[in-house]
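Structural characterization, general
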Amino acid sequence: MSKLMKRSILVVLGIILIAVAIRMVLRQTTKIYSPEETISHTSSEQATYTVFYNRPYKKGRAIFGTLVPYGQVWRTGANEATTFTTDRDVLIDGSTLKSGTYSLWTIPNQDSWKVIFNGFQYDWGINMIDGTPARDPEYDVITLEVPVQHLLNPVEQFSIYFKEANGFSIMYLAWDTTAIAVPIKS
């Protein structure tokens with residue numbers, strides 16, 4: 001192998017290592033402002049739901065309608081795309097969601113939100129070139145619309161949590177003075 005070929009290989013390997021290091025540093029530094037969280041919930045019917053998401057803070061900002069525009073797709077958190085995993089087939093808005101992992105997208109509006117379970121796994125959740133959501137509607141499995149619940153006390157950090165009610169697992173998404181509830185039937 002010639003010296004030129006060896007140098008070329010070393011340069012390419014060096015560039016790859018630098019790119020990987022930069023990506024790791026960027027991912028770690030963004031986690032400071034929007035830490036990741038994984039929550040799990042087991043329903044009364046023994047179905048287990050797991051949500052992985054990143055939790056941005058309000059930090060005095062106006063959130064919905066401003067930071068997160070109305071009528072536009074949101075990756076439902078920060079950093080990576082939010083994922084929802086179920087270990088059993090479940091019913092959401094009367095439609096069957098097969099067991100598996102889905103990316104979770106929302107379209108916030110003032111009085112209601114569309115909640116979208118998408119069958120494709122996205123890495124970062126946005127297009128790195130122009131910042132638009134990476135969601136491809138072709139992979140949407142279930143889309144439902146739920147009413148907004150206005151909260152009296154603001155939620156500082158974006159939160160997703162579950163509660164049981166009337167035979168349903170209710171997945172809540174809350175931030176600032178807005179919450180929505182997604183009923184899930186095992």
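Look a little higher up for the structure.
Anyway, here's the lowdown on the structure attached to this text. Quantities reported herein were computed from a predicted structural model and do not represent experimental measurements.

1. Section: the environment of threonine 178
Locating threonine 178 in the fold gives a position in strand 10 (residues 168-185). Owing to a relative accessible area of 11%, threonine 178 belongs among the buried residues under this scheme. For the pair threonine 178 and histidine 150, spaced 28 residues apart in sequence, the C-alpha separation works out to 5.0 Å. Filtering out sequence-adjacent residues up to four positions away, threonine 178 remains in contact with Phe64, Trp113, Val148, Gln149, Leu151 and Leu173.

2. With respect to the layout of surface pockets
Taken as a whole, the largest pocket spans an internal volume of roughly 420 Å³. Around the largest pocket, the lining is made up of 19 residues, and of these Leu67, Val68, Trp74, Arg75 and Gly77 lie nearest the centre. The residue makeup of the lining of the largest pocket, split by class, is 12 nonpolar, four polar and three charged.

3. Digging into the sheet that holds strand 3 (residues 83-86)
The strand order across the open sheet formed by six strands is 1-2-3-6-7-8, and the pairing between neighbours is antiparallel. Pairing within the sheet leaves two strands with one partner each, and these edge strands are strand 1 (36-42) and strand 8 (140-147). With direction set aside, neighbouring strand axes in the sheet form an average angle of 25°. As paired strands, strand 2 (residues 48-54) and strand 3 are joined by four bridges and run antiparallel to one another. Pairing of threonine 50 across the sheet is with threonine 85, part of strand 3.

4. Describing the pairing of strand 7 (residues 112-118)
Of all seven residues in strand 7, six are buried, a share of seventy percent or more. Pairing analysis gives six bridges linking strand 6 (residues 100-108) to strand 7, with the strands arranged antiparallel. Bridging across to strand 7, threonine 106 finds its partner in valine 115. Counted between consecutive antiparallel strands, the loop separating strand 6 from strand 7 contains three residues. Relative to strand 8, strand 7 runs antiparallel, the two sharing seven bridges. From the neighbouring strand, tryptophan 113 faces strand 8, where its bridge partner is valine 146.

What counts, and at which threshold
- Residues numbered from 1 in each chain as written.
- Predicted model: local features only at pLDDT ≥ 70, side-chain atom pairs only at ≥ 80, totals over all residues.
- Heavy atoms only, no water.
- Helix = DSSP H or I, 4+ residues; strand = E, 2+ residues; numbered from the N terminus.
- Buried < 20%, exposed > 50% of the residue type's maximum accessible area, 1.4 Å probe, protein only.
- Contact = heavy atoms within 4.5 Å.
- 1 Å grid on protein atoms, 1.4 Å probe; cavity = no way out; pocket = protein on both sides within 12 Å on 5 of 7 lines; lining within 4 Å.
- Points joined across faces, edges and corners; volume = space filled by probe spheres on them.
- Nonpolar A, V, L, I, M, F, W, Y, C, P; charged D, E, K, R; others polar.
- Pairing = 2+ DSSP bridges.
- Axes fitted to C-alpha atoms, helices over the stretch in contact; angles between N-to-C directions.

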